[in-house]
Amino acid sequence: MTVLLILLALGLLIAGAWAGLSVLVLAPLLAALAALAAGEPVLAAYTQIFMAAAGGFVVSFFPLFLLGALFGKVMDASGAARILASAIATAVGPANALLAVVLACAVLTYGGVSLFVVAFVAWPLARALFAETGLPARLIPATIALGAFTFTMTALPGTPSIQNAIPMATFGTTPFAAPGLGVIAAAAMLGLGMVWLLYRARVLAGDTPPQMHPSPPRNVPMPLWAALVPILSVAAVTLAMGWVVLPALETEYLALPLYGGTDLGRVGGLWSVIAALTIALVLALVLGRPPQMMKTLNDGAESALLPLFNTASLVGFGAVIASLPGFEVLRQSLDGLSGGNVVVTAALSSSALAGITGSASGGMSIALDVLGPSLLEQAIAQGVDPALLHRVVSVATGGLDTLPHNGAVITLLGICGMTHRQAYGDIFMVAVLAPTLACVLIMALGMAFGAF
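No experiment lies behind these values; they were computed from the predicted model shown.

Here we take up the UniProt feature "transmembrane region" (unreviewed entry) in the chain. Sites flagged by UniProt as "transmembrane region" (unreviewed entry) map to residues 49-71, 83-104, 110-130, 137-156, 176-199, 220-249, 269-287 and 427-449. Secondary structure content for residues 137-156 is 65% helix and 0% strand, and the end C-alpha separation is 28 Å.

In structure tokens form, the structure reads like this:
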């Protein structure tokens, strides 16, 4: 009965998001109703579980959301993001408009630009390319989702995304954990997603293309290299920090209670990403010189708040769900399905929580908070490289997270002026099914050959 209660709460969350209600309202309301129906103290569940989990997520990952939003806003305001996107579209050619939009989104997100910002930047580019080539407008959301929400978010090694950063503290890994498996997963997602989009483009041939809108002229032209340098710096600085700078530092003080009694292995990955995004932001400011710089920075800081608190609210919802008796029954069922294999357990538990919360980072945060230490112990006992768990958990959460109540999905559909009914089916195929199949592939390879 309590498992059905969890499924009902999830169903109501999806239905409410489909109807357009904010998860900031939905998540605490449904968490409270679930606690009440399960016979748990509602106020205690809200203040001691929901708020503690939501607040903990904000405390842990506020710098990444802030720096990512600032960087994205500066790249947008300076015109650098649009220059990069247009250059990729020109290189690929208008006949390959679908691939051009996917690659443009991928380059921007892999370079550290927030996927929310990428959605805003990619929409006018996609609209122009689709109008020029007669592609159906209803495929634009799925095309952007494939480039921004999938392989650059969870699979490609070195990506500065929050989804690649969270496992580092639990498993003591780096952003480049299991790089070979990450590349294979990325190729699978891209290949499967493009096959679906090309198939749908043929099926929907003759459907309504978007209307062309003239782009506003850019006052200060920027050379392509100036737009590209901040993006390239993210991966370069992340590597330099992890391999050269941080190992040379004296960090024994991290063991003190004042600093959480930790070590460099658990915080080094996060420090590397923070440093990389900071340097990229400085380069974007110097090279891009966006107009109204103060306003751009203020707008960027404010734009970090909605995705941060949307995700934190979903984390709080998931934490309440995880505290209910039915969740333990669900977890044991997942353990039974895994047959005791730590890789399968990690994938199933993190994927389920990502689906419940509608957030890859939110579901992953809860899964690793609750199960992380035991997963690491099992991995050591079974001789499994923690890097394999890092990559599998990251990719696993990038599938079911993109259910209809996902905040990025809601934002993307709003930008494109479409409803779930019009465009979500294609988003599901490229951003839920394709990543799930890619995860199964690297799990099989990882269990057969280990992390590589």
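From this point, things continue past the structure.
Met 75, Leu 197 and Phe 317 are the most contacted members of the largest nonpolar core, which totals 145 residues. In terms of residue count, the dominant contributor to this core is helix 3 (residues 42-77) (13 residues). Among all residues touching Phe 317, those that are not within four sequence positions of it are Ala 9, Leu 13, Ala 27, Leu 30, Ala 31, Phe 50 and Ile 356.

Okay, the packing of helix 4 (residues 80-92) against helix 11 (residues 224-245) next. Two numbers describe how helix 4 lies on helix 11: the axes approach to 9 Å, and their chain directions differ by 105°. One way to sum up the angle between helix 4 and helix 11 is to call them roughly perpendicular. Residues Ala 80, Ile 83, Leu 84 and Ala 87 of helix 4 form the contact with helix 11, whose participating residues are Leu 224, Ala 227, Leu 228 and Ile 231. Among the residues making up the contact of helix 4 with helix 11, the classes are represented as eight nonpolar, no polar and no charged.

Glancing now at a nonpolar patch on the surface. Where nonpolar side chains cluster on the molecular surface, the patch consists of Leu 21, Leu 24, Val 25, Phe 62, Leu 305, Leu 306 and Phe 309 and spans about 580 Å² of accessible area. The set of elements that each furnish at least two residues to the nonpolar patch consists of helix 2 (23-37) and helix 14 (305-323). In terms of residue count, helix 14 provides more of the nonpolar patch than any other element does, three residues in total. Its relative accessible area of 43% is what places Val 25 among the partly exposed residues.

Mapped onto the secondary structure, Thr 143 falls in helix 7 (residues 140-148). In contact with Thr 143, not counting residues within four places along its chain, are Leu 98, Val 101, Val 102, Phe 130 and Leu 197.

So, how was this worked out
Residues numbered from 1 in each chain as written. Predicted model: local features only at pLDDT ≥ 70, side-chain atom pairs only at ≥ 80, totals over all residues. Heavy atoms only, no water. UniProt positions renumbered as here; feature names shortened; annotations may be inferred. Helix = DSSP H or I, 4+ residues; strand = E, 2+ residues; numbered from the N terminus. Core = buried A, V, L, I, M, F, W, Y, C linked by side-chain atoms within 4.5 Å. Buried < 20%, exposed > 50% of the residue type's maximum accessible area, 1.4 Å probe, protein only. Contact = heavy atoms within 4.5 Å. Axes fitted to C-alpha atoms, helices over the stretch in contact; angles between N-to-C directions. Parallel < 35°, antiparallel > 145°, perpendicular 65-115°, else oblique. Nonpolar A, V, L, I, M, F, W, Y, C, P; charged D, E, K, R; others polar. Patch = residues over 30% accessible without salt bridge, like charges linked within 9 Å, V, L, I, M, F, W, Y side chains within 5 Å. Areas by Shrake-Rupley, 256 points an atom, 1.4 Å probe, with all protein chains shown as cover. Salt bridge = Lys/Arg side-chain N within 4 Å of Asp/Glu carboxyl O.

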